[in-house]
Amino acid sequence: MRQGRCTNFGNCGVADRRELVTAAPGQELVCPECRRALSEIDKPSRGPSPLWVVGFIVLLLGFGYAGWLLLHRSSTAPNTAPVLGSGAPPSGPKPSSSDVVLRLHGSNTIGAQLAPALAEAFLKAQGAQDVSTKSTGADESAVTGSFSGKTQAIEIQAHGSATAFQDLAAGKCDIGMASRKIQAAEVLSLSSLGDMTSPASEHVLGLDGLAVIVNRSNSLSALSERDIARIFTGDVKDWKEVGGSGGTIKLYARDDKSGTYDTFRSLVLRGKPLAPDTVRVEDSRELSGKVAQDADAIGFVGLPYVLDARALAISENGTKALLPTALTVSTEDYLLSRRLYLYTASNPKDPIVRRFVDFALGKAGQDVVAANGFVAQNVKAQLVKVVADAPADYKRLTDGAERLSLNFRFRTGSSTLDNKALPDLDRVTSFISDLKYSGNDVMLFGFADSTGSRDANCRLSKDRAKVVSDQFGQRGLNPSTVNGFCSDLPVASNDTEEGREKNRRVEIWVKKH
């Protein structure tokens, strides 16, 4: 018997649930849901065989990396770099500065696996031959390719989101990778490059769910955001205090330069310090491994790094607990969902910067995002179970309809769509056109937070849906239903600004008439 796990995170329930799949002798080792090849994790022991001998010889010759790949075959799509689980790239010298055509610095969440995969796919799309990735130092790599015999390289340094903005300011990189939004002081420091909050500079690469992880033996399946905060600040020290089976809680967290930590500090800790006995880890994979090996541990990582640990469902005041899944993260309804960003000068001097960003945000680049375990922005339609206490009109209109895998949101304190919504309008328009839907099949439902009177919120919710409808109208698509549902169906607590911002949204549904 052969066993494996699906790595198609964000697009497959088997992958998201970390299910172990078993195949009988002679059967293909593929995912029963998405039909992708599985990453084999448990080779049977049958004594020496030709394959074992070959693998042993390869190891003796020093090709440990190749042997590792043989034992852990990845489900990477053609023309992309290896996805998570395929091991570290081989080491090599740094490329000559004259060969480097593009420099990406910043987030470890993006830079560890996703950025090299995107860089490989980009170079191949540009016609490069002999494309490969080599480690050039701790959390640093170079992706090289040959163009008519001339080597070109993309430099990647993944030392944390804060370094993206430091290196952009110092002229040390062309693209900053960040797993959090740029801060006001950083916007000011980079003003010479343009308005870093504008659509010309701020690009949403993909989506990630910040997963709170525990050991698989932990009896808990869900925690409230408040209890998670109490745990990580040291107010709660034993699992019994939050409904667990007991034991001293051991805390693991990313380092201070990490965008993952910045997001957690903002959304969960809200400015309070971590407990002093928290173990700090620079690399997400290492942190996840420590939690997976410690029955009393808890930590937080990006969605692709849950690996052999287990993610908890998270709730907030007035909302139901949600797991980080493809739908809850792509719609940003999951409490700890976050955006992954690429930041550039508003008008880059070198055209390769814009070409790379356009590639990463396009269909091919988003396929690489999905293949590496994050949630891509390619649009999907999904059947969704509507909650029992939903408004009667909402239930009636969504009966038999499918919800698209995104929400439209707005700039803080504004009726202007945010930077993610702008390319999403074009993605949805293409999706509707490709599948031969018409405007008669499209429904837009707006929502508001609970601030102010209900009458005012009902108007605001419908106005938001109307803003999106007008944008679609400019693209030749005229939705049949444009409605507002006031402050009903909150996806986050209205007690915080972050929660209120999530609740100010427009959902899009499609239904064949």
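Residues numbered from 1 in each chain as written. Predicted model: local features only at pLDDT ≥ 70, side-chain atom pairs only at ≥ 80, totals over all residues. Heavy atoms only, no water.

### Considerations on the pattern of salt bridges
Oppositely charged side chains can form a pair if their charged atoms are brought close together. Selection criterion: Salt bridge, as applied in this entry: a Lys or Arg side-chain nitrogen positioned within 4 Å of an Asp or Glu carboxyl oxygen. Helix and strand definitions here come from DSSP, where helices need a minimum of 4 consecutive H or I residues and strands a minimum of 2 consecutive E residues; each element is numbered from the N-terminal end. Relative accessible area decides the class of each residue, using a 1.4 Å probe on protein chains only: under 20% of the type maximum gives buried, over 50% gives exposed, and in between gives partly exposed.
Following the criterion strictly, the structure yields 33 salt bridges and no others. Between Asp174 and Arg103 there is a salt bridge whose closest N-O contact spans 3.2 Å. Placement of the pair is Asp174 in the loop between α6 (161-170) and β8 (175-178) and Arg103 in strand β4 (residues 100-106), with a sequence separation of 71 residues. Assessed through its relative accessible area of 24%, Arg103 is described here as partly exposed.

### Some remarks on the state of the cysteines
Covalent bonding between the sulfur atoms of two cysteines is what defines a disulfide. What counts, and what does not: Working definition: a disulfide is two cysteine sulfur atoms within 2.5 Å of each other.
Across all of its chains, the model carries one disulfide by this definition. Note on cysteine connectivity: Cys458 is disulfide-linked to Cys486, with sulfurs 1.9 Å apart. With the S-S bond torsion at 95°, the cross-link from Cys458 to Cys486 turns out right-handed. Of this pair, Cys458 sits in helix α16 (residues 454-474) while Cys486 sits in the loop between β20 (481-484) and α17 (497-503), and the two are 28 residues apart along the sequence. On the basis of relative accessibility, which here comes to 24%, the residue Cys458 falls in the partly exposed class. Judged by its relative accessible area of 7%, Cys486 is buried.

### Topic: the environment of Phe356
Put simply, the test is: Whether two residues are in contact is decided by their heavy atoms: any pair within 4.5 Å suffices.
For Phe356, the location among the structural elements is in helix α12 (residues 351-361). With near-sequence residues (within four places) excluded, Phe356 lies in contact with Leu102, Leu104, Leu118, Ala119, Phe122, Ile175 and Leu342.

### A word on the side chain of Arg180
Short version of the rule: Polar contacts, as counted here, are pairs of nitrogen or oxygen atoms within 3.5 Å of one another; within protein the pair requires one atom able to donate a hydrogen and one able to accept it, and residues that are adjacent in sequence qualify only if both atoms are side-chain atoms.
Assignment of secondary structure puts Arg180 in the loop between β8 and α7 (184-189). Since its relative accessible area comes to 8%, Arg180 is described here as buried. One polar contact links Arg180 to Glu186, side chain to side chain, over a distance of 2.8 Å. A polar atom in the side chain of Arg180 sits 2.7 Å from the side chain of Asp262. The residues contacting Arg180, other than those within four sequence positions of it, are Ser161, Ala162, Phe165, Glu186, Gly259, Asp262, Thr263, Arg339, Tyr341 and Tyr343.

### Here we look at the pairing of strand β9 (residues 202-214)
Going by this rule: Here, any two strands with at least 2 DSSP bridges between them count as paired.
Within β9, 13 of the 13 residues are buried, leaving the element largely enclosed by the surrounding structure. Relative to strand β16 (residues 337-343), β9 runs antiparallel, the two being bridged by seven bridges. Within the sheet, the bridge partner assigned to Val204 lies in β16 and is Tyr341. Relative to strand β13 (residues 297-302), β9 runs antiparallel, the two being bridged by five bridges. The partner of Val212 across the bridge, within β13, is Phe300. Two elements, β9 and strand β14 (residues 310-311), share two bridges in a ladder whose sense is antiparallel. Paired with Ile213 across the two strands is Ala311, which belongs to β14.

### Quick word on the environment of Arg355
In this structure, Arg355 sits in helix α12. Sequence separation between Arg355 and Phe122 is 233 residues, and the spatial gap between their C-alpha atoms is 9.0 Å. Residues contacting Arg355, with those up to four places away along its chain left out, are Phe122 and Gln126.

### Considerations on the packing of helix α15 (residues 421-434) against α16
Put simply, the rule reads: Here the axes come from fitting lines to C-alpha atoms, over the contacting stretch only for helices, and the angles between their N-to-C directions go from 0 to 180 degrees. In what follows, roughly perpendicular refers to angles from 65 to 115 degrees, roughly parallel to angles under 35, roughly antiparallel to angles over 145, and oblique to any angle outside these ranges. A crossing counts as left-handed when the near helix is turned anticlockwise from the far one by less than a right angle, and as right-handed when that turn is clockwise.
Remark: α15 packs on α16, axes separated minimally by 10 Å, with the N-to-C direction vectors making an angle of 60°. By the angle between their directions, the pair α15 and α16 is classed as oblique. Remark: the crossing between α15 and α16 carries right-handed chirality. Residue-level contacts link Leu425, Val428 and Thr429 of α15 to Val468, Gln471 and Phe472 of α16.

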